[in-house]
Amino acid sequence: MRDLVRRIDAATPPDRDRAVDALRALAILGVVFGHWLVTALVADSGTLRGISPLYYFPRLAPVSWVFQTLAVFFLVGGYVGTTGQAGARGRGVTYRQWIGARTGRLFRPVAAVLTVWAVAAGAMLTSGAGFITVQALCKLVVSPLWFLLVFAALTAATPVLVRLHPFWPLAVVLSVDVLRFAFDGPEPLGWVNVAAGWAVPYCLGARWARRGLPGRPAIGWGLFLGGVCATASLVLFAGYPASMVGVPGAKVSNLNPPTLAAVTFGLAQSGAALLLLGPLRRGLRRPAVWAAVALANLSAMTVFLWHQTAMIAVTALGLLTGGALPGLHTVPDGTGWLLARLAWLPVFAVALMVCWAAFRTYERGRPREDSRDVREKRPARKTVVRGA
């Protein structure tokens, strides 16, 4: 283990910003633990159906403030996409080659999880499982994939978004919400915010990469305090939900599609992320800490794509006991369920590690198939010939 830690530390380029990788890892882990805490599969008359404890405990909305970390992921995505595209262009890599390599790494593991679940769904239906159960399980696995489509679209638009100030997509979100809620505009109009809402942190990350953030602590505090005040005002005085994730049965969701409250909350999270950069950089000077972050980033997509499958597997195996296990199959309507669910989290983590061991190779693909490899494939052959 010590040798692995040393090798990872030695292989890291000196100019790599390790804190950016740490922010990405924290964002993914926040989503994973958030889903495990606010999603329940209830056994009812031979079927499994999904339900949220936030429906029974609306006062637990602050839990969603901690674990709804998508804005940080898009902030980092904007930063990494901008630096990556600029670096590729400097090496002579075409836009088509660059985006092909980026989307390939993104969707290779998606194809694996969709294939496995297509086979699993067919097998369950063939063996007599109820359609409602199969639908509930597939929805848990597939529904988180929406953000990958948005992320891929924003990544593809990086050459345009690097020149776009975050204010403009924020203005679009504000306009859409005013039309929807103040003037009873059509509900489908809200889906404009799917792109515009997540473009706000993405453009902020792109601006960070392109121009830097002079006076970063002041900017971080400004985004954090301004975002917190704006979000609190929208929740307290404008009727926006307090939860930053969807709650079944709620009239309005802050996430589906994103509302102005979700975007201002994302700005607060982005400010907090910028404030964390300094402490993270100091902590990641330790080789062991950096090795853990680096390994987590190598399999970030695998962890994200299979975390719901891990929870489903534990839930299904628990049914073999013949009874409804607290925190696993029971209705999340009491404090006992919450305490029991916390006890199940380590079991979910173990199941996720099994999924990681089985499917991590789909994320890594061929060794380092990135934009530099695309550019260097042909010149590398010529060099070998001359050397021979």
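Analysis parameters
- Residues numbered from 1 in each chain as written.
- Predicted model: local features only at pLDDT ≥ 70, side-chain atom pairs only at ≥ 80, totals over all residues.
- Heavy atoms only, no water.
- Phe/Tyr/Trp six-rings, centres within 6.5 Å; stacked < 30°, edge-to-face > 60°.
- Helix = DSSP H or I, 4+ residues; strand = E, 2+ residues; numbered from the N terminus.
- Buried < 20%, exposed > 50% of the residue type's maximum accessible area, 1.4 Å probe, protein only.
- Lys NZ or Arg CZ within 6 Å of the ring centre and 35° of its normal.
- Contact = heavy atoms within 4.5 Å.
- Pairing = 2+ DSSP bridges.
- pLDDT = per-residue confidence, 0-100.
- Expected span 1.5 Å × (residues − 1).
- Bend = angle between axes of the 7 residues up to and from the residue.
- Core = buried A, V, L, I, M, F, W, Y, C linked by side-chain atoms within 4.5 Å.
- 1 Å grid on protein atoms, 1.4 Å probe; cavity = no way out; pocket = protein on both sides within 12 Å on 5 of 7 lines; lining within 4 Å.
- Points joined across faces, edges and corners; volume = space filled by probe spheres on them.
- Axes fitted to C-alpha atoms, helices over the stretch in contact; angles between N-to-C directions.
- Parallel < 35°, antiparallel > 145°, perpendicular 65-115°, else oblique.
- Left-handed = near helix turned anticlockwise from the far one by under 90°.
- Patch = residues over 30% accessible without salt bridge, like charges linked within 9 Å, V, L, I, M, F, W, Y side chains within 5 Å.
- Areas by Shrake-Rupley, 256 points an atom, 1.4 Å probe, with all protein chains shown as cover.
- Salt bridge = Lys/Arg side-chain N within 4 Å of Asp/Glu carboxyl O.

**Student:** Go over the packing of aromatic side chains, please, and point to the residues and values.
**Tutor:** Scanning the entire structure with this criterion turns up 20 aromatic pairs. Ring centres of tyrosine 55 and tyrosine 56 lie 5.1 Å apart, and the angle between their planes is 85 degrees; on these two criteria the pair is classed as edge-to-face. Taking the centre distance of 6.0 Å and the plane angle of 80 degrees together, the rings of phenylalanine 74 and phenylalanine 147 count as edge-to-face. Taken as a pair, phenylalanine 74 in helix H5 (residues 70-90) and phenylalanine 147 in helix H8 (residues 146-156) lie far apart in primary sequence, 73 residues in all. For phenylalanine 74, a relative accessible area of 0% translates into the label buried. Given a relative accessible area of 2%, phenylalanine 147 falls into the buried group. Of the aromatic side chains, those joined through ring pairs into one cluster are Phe73, Phe74, Trp146, Phe147, Phe151, Trp198, Tyr202 and Phe304. Over the face of the ring belonging to tryptophan 356 we find arginine 360, whose NZ or CZ atom lies 4.8 Å from the ring centre.

**Student:** Go over unusual backbone geometry with me, naming the residues and quoting the values.
**Tutor:** A cis amide bond links asparagine 256 to the next residue, proline 257, at an omega of 0 degrees. Mapped onto the secondary structure, proline 257 falls in the loop between helix H12 (216-237) and helix H13 (260-283).

**Student:** Tell me what's going on with the environment of valine 247, and back it up with residues and numbers.
**Tutor:** Structurally, valine 247 is set in the loop between H12 and H13. When the C-alpha atoms of valine 247 and asparagine 193 are compared, they prove to be 19 Å apart, with 54 residues separating the residues in sequence. Apart from residues no more than four positions distant in its own chain, valine 247 is found in contact with Leu54 and Tyr55.

**Student:** Any chance you could break down the pairing of strand E1 (residues 40-44) for me, citing the residues and the numbers?
**Tutor:** Note: E1 against strand E2 (residues 47-51), five bridges, orientation antiparallel. Looking at the pairing, leucine 41 lines up with glycine 50 of E2. If you look at the hairpin formed by E1 and E2, you'll find two residues sitting between the two strands, and serine 45 has a positive phi there, around 55 degrees.

**Student:** Would you mind going over the confidence of the model for the protein in detail, with residue names and values included?
**Tutor:** Of the residues in the protein, 93% have a pLDDT of 70 or more, and the chain-wide mean is 88. The secondary structure element of the protein with the lowest average pLDDT is helix H17 (residues 371-387), at 39, and the one with the highest is helix H10 (residues 167-182), at 96. Ignoring residues within four places in sequence, the model shows residues 367-388, a span with pLDDT below 50, making 17 contacts including any to other chains.

**Student:** Hey, could you go over helix H6 (residues 95-126) for me, with residue numbers and the actual values?
**Tutor:** Each full turn of the α-helix corresponds to 3.6 residues, which orients residues three or four apart in the same direction. Its 32 residues place the ends of H6 45 Å apart at the C-alpha level, agreeing with the 46 Å of an ideal helix rising 1.5 Å per residue. The largest bend in H6 comes to about 30 degrees, at arginine 105, with the proline proline 109 one to four residues further on. Just beyond H6, the residue with positive phi is glycine 128, at close to 105 degrees.

**Student:** Would you mind going over helix H15 (residues 300-318) in detail, with residue names and values included?
**Tutor:** For H15, built from 19 residues, the straight-helix expectation of 27 Å at 1.5 Å per residue is met to within 8% by its first-to-last C-alpha distance of 27 Å. At tryptophan 306, H15 is deflected by roughly 45 degrees, the largest bend along its length. Burial analysis of H15 places 16 of its 19 residues in the buried class, the great majority of the element.

**Student:** Can you break down the nonpolar core residue by residue, with the values?
**Tutor:** Core analysis: the largest hydrophobic core is formed by 89 residues, its most contacted members being Phe74, Leu148, Leu154, Trp198, Trp208, Phe304 and Leu305. The element that contributes the greatest number of residues to this core is helix H2 (residues 18-38), accounting for 11 residues. Ignoring anything within four residues of it in the chain, the contact list for tryptophan 208 reads Val20, Leu75, Tyr79, Leu213, Leu274 and Leu277.

**Student:** Residues and numbers for empty space enclosed by the protein, please.
**Tutor:** Counted by the stated rule, this structure contains two cavities of 30 Å³ or more. Each pocket or cavity is described by its volume, and for the largest cavity that value is around 40 Å³. If you go around the largest cavity, the residues you meet are Ala71, Gly197, Trp198, Val200, Pro201, Ala262, Val263, Gly266, Leu267 and Ser270. Of all the secondary-structure elements, those providing two or more residues to the lining of the largest cavity are helix H11 (192-211) and H13. With five residues, the single largest contributor to the lining of the largest cavity is H13.

**Student:** Just give me the short version of the packing of H5 against H11, but keep the residues and values in it.
**Tutor:** Interaxial distance between H5 and H11 falls to 7 Å at its minimum, and their mutual angle equals 40 degrees. It follows from the interaxial angle that H5 and H11 lie oblique. In terms of crossing hand, the pair formed by H5 and H11 is right-handed. Here H5 contributes Leu70, Ala71, Phe74, Leu75, Gly77, Gly78, Tyr79, Gly81, Thr82 and Thr83 to the contact with H11, which in turn contributes Trp198, Pro201, Tyr202, Leu204, Gly205, Ala206, Trp208, Ala209 and Arg210.

**Student:** How would you sum up a nonpolar patch on the surface? Please name residues and give values.
**Tutor:** A cluster of nonpolar residues, Leu174, Val178, Leu179 and Phe183, forms a patch on the protein surface that exposes about 370 Å² of accessible area. Tracing the backbone shows leucine 174 in helix H10.

**Student:** Go over the pattern of salt bridges with me, naming the residues and quoting the values.
**Tutor:** This structure, assessed with the given rule, holds six salt bridges. Across the pair aspartate 3 and arginine 7 runs a salt bridge, and its minimum N-O distance is 3.1 Å. Residue aspartate 3 and its partner arginine 7 are both found in helix H1 (residues 2-11); the two are separated by four residues, about one turn of the helix. Aspartate 17 is the partner of arginine 281 in a salt bridge, and the nearest nitrogen-oxygen pair spans 2.5 Å. Of this pair, arginine 281 sits in helix H13 while aspartate 17 sits in the loop between H1 and H2; the two residues are 264 residues apart in sequence, bridging distant segments of the chain. You can call arginine 281 partly exposed: its relative accessible area is 29%.

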